[in-house]
Amino acid sequence: MGGASGPSAAPLLGKTEGDGVTIDGRTRLAGVIGWPVDHSRSPMLHNHWCRVHQVNGAYVPLPVKPGQLEMALKGLAAAGFRGVNVTIPHKEEAFRLCDELTETARRAGAANTLRFVEGRVIGDCTDGTGFCDNLLAHGVRLEGRALILGAGGAARAVAAALQDRGCEVFISNRTASRAEALVQALGAGTVLDWTDWPSRLGEMNLLVNATSLGMGGRDDTAWSSLLQKGQEGLSVADIVYTPRQTPLLKAAQERGFRTVDGLGMLICQARAGFQEWFGVLPEADEASFDILAQDLARHGLS
Ligand SMILES: NC(=O)c1ccc[n+]([C@@H]2O[C@H](COP(=O)([O-])OP(=O)(O)OC[C@H]3O[C@@H](n4cnc5c(N)ncnc54)[C@H](OP(=O)(O)O)[C@@H]3O)[C@@H](O)[C@H]2O)c1
């Protein structure tokens, strides 16, 4: 497996000599499919949970090129994998390839957590629940009006989850047609023009960046002036977690708004998959958080 070679393999897998991990014929296998996938912190998290819960399991990065997802899923299922997480750019194709979908995946139009059961692929989408659980853990009340920036796979999941929890959802996306399609799929919600949302911010309780703006620190958006109309009590969440403090969150913090970064969402969304594949529901606890936060800090992504 290409992603498991190279200098970063040992820390990403979270396994070192002498940590008591054994791979044998009974080891339960799962992994994360992406392209590229070497940035993913999911192997570190799942292997940490395997150790903590004494599970005979292993979770590996699986670099799969665009166009090869179907072949990869068949091969992994045939090789005895329990299932996989799916990340960029495969989430929407994974949705199409599933034999069965949970209601949540259907609502989100994307699948990020797959189970292989007797030759069938069952798809779930845990991003929305992970996002909401993380906000609740940070004391953010899920009520009132939520403005979501973005209309990609993650935005769809977040919007559906917030709507299911009773929020009034507003969507703004650079490509307006995708925002329109999302509102249509949700069966409710309002589209705001990409240049117009800052003028409506005063009406919102929650602002969510669900675009990839800010990822890798590449973002020259003038967030501070865009946030000018935000009211006291506004919470600002970013689902990007590399870096944790995105330019949006920095601007929001400077304006005195409550902020929530994307790292907790990553942990919360992973729990359900771990339970399906390895049989234990892990906690999104401080130790899980610390292990990832320290790794991001080592890579200058705090
Ligand atoms: N914390 C977590 O657990 C978690 C979970 C899932 C995803 N994520 C992160 O969330 C981000 C989005 O993921 P995704 O799966 O939804 O990706 P996606 O389906 O590719 O969607 C990308 C979104 O970003 C917008 N966008 C991209 N570049 C932009 C720019 N320069 N200006 C304005 N909008 C821009 C796109 O707008 P257009 O439609 O106009 O192209 C689209 O709405 C990624 O950074 C991903 O790593 C985090």
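Residues numbered from 1 in each chain as written. Predicted model: local features only at pLDDT ≥ 70, side-chain atom pairs only at ≥ 80, totals over all residues. Heavy atoms only, no water.

All right, on to the pattern of salt bridges then. A full pass over the atoms with the stated rule returns 14 salt bridges. Here E70 makes a salt bridge to K74, at a shortest N to O gap of 3.4 Å. Taken together, the residues E70 and K74, both in helix α3 (residues 69-78) and 4 residues apart, mark about one turn of the helix. Note on K74: relative accessible area 56%, which makes it exposed. (Salt bridge = Lys/Arg side-chain N within 4 Å of Asp/Glu carboxyl O. Helix = DSSP H or I, 4+ residues; strand = E, 2+ residues; numbered from the N terminus. Buried < 20%, exposed > 50% of the residue type's maximum accessible area, 1.4 Å probe, protein only.)

A few words now on the sheet that holds strand β8 (residues 168-172). Spatially, 6 strands are ordered β9-β8-β7-β10-β11-β12 in an open sheet, and the strand pairing comes out parallel. Across the chains shown, the open sheet's two edge strands, defined by having one partner strand only, are β9 (190-191) and β12 (258-260). The pairing of strand β7 (residues 145-149) with β8 spans 5 bridges and is parallel. Bridge pairing links R145 to E168 in β8. Relative to β7, helix α7 (residues 153-164) is tilted by about 175 degrees, and along the sheet it contacts β7, β8 and β10 (206-209). Docked against the sheet, helix α11 (residues 247-254) engages β10, β11 (235-238) and β12, running at close to 165 degrees with respect to β11. (Pairing = 2+ DSSP bridges. Contact = heavy atoms within 4.5 Å. Axes fitted to C-alpha atoms, helices over the stretch in contact; angles between N-to-C directions.)

Around the ligand, a shell composed of 23 residues is seen, among which A154, N173, T175, R178 and I239 lie nearest. Between the ligand and A151 there is a distance of 3.0 Å, counted from an oxygen atom to a backbone nitrogen or oxygen. Within the contact set of the ligand, a nitrogen atom lies 3.0 Å away from a backbone nitrogen or oxygen of G262. Summarising the interface, the protein chains cover 81% of the accessible area of the ligand, which totals 930 Å² for the free molecule. Elements that contribute at least two residues to the shell around the ligand include exactly α7 and α12 (263-278). In terms of residue class, the shell around the ligand is built from 11 nonpolar, 8 polar and 4 charged. Taken domain by domain, the shell around the ligand gets at least three of its residues from each of domain 1 (2-125 + 265-298) and domain 2 (128-261). (Near = heavy atom within 4 Å. Polar contact = N/O pair within 3.5 Å; in protein donor to acceptor, adjacent residues only side chain to side chain. Areas by Shrake-Rupley, 256 points an atom, 1.4 Å probe, with all protein chains shown as cover. Nonpolar A, V, L, I, M, F, W, Y, C, P; charged D, E, K, R; others polar. Domains from an automatic or database assignment.)

By the secondary structure assignment, S288 is in helix α13 (residues 286-298). A distance of 3.0 Å separates a polar atom in the side chain of S288 from a polar atom in the side chain of W49. For S288, the residues in contact, after removing those within four places along its chain, are L45, H48, W49, I267 and E283.

Among the surface-exposed residues, E283, D285, E286 and D290 lie close enough to one another that they form a single negatively charged patch. With respect to the helices and strands, the residue E283 is situated in the loop between α12 and α13. (Patch = residues over 30% accessible without salt bridge, like charges linked within 9 Å, V, L, I, M, F, W, Y side chains within 5 Å. Lys, Arg positive; Asp, Glu negative; His and termini not counted. Charge placed at Lys NZ, Arg CZ, Asp CG, Glu CD.)

Once that is clear, we can look at the UniProt feature "binding site: shikimate" (unreviewed entry) in the chain. Sequence positions flagged by UniProt for "binding site: shikimate" (unreviewed entry) are, in local numbering, S40, R41, S42, T87, N112, D127, Y241 and Q269. Setting aside chain neighbours within four positions, we find N112 in contact with V84, N85, V86, K91, D124, C125, T126, D127 and Q269. Within the structure, N112 has its side chain in polar contact with the side chain of T113 (distance 2.9 Å). Within the fold, Y241 resides in the loop between β11 and α11. Setting aside its immediate chain neighbours within four residues, Y241 contacts R41, G262, L263, L266, L296 and L301. (UniProt positions renumbered as here; feature names shortened; annotations may be inferred.)

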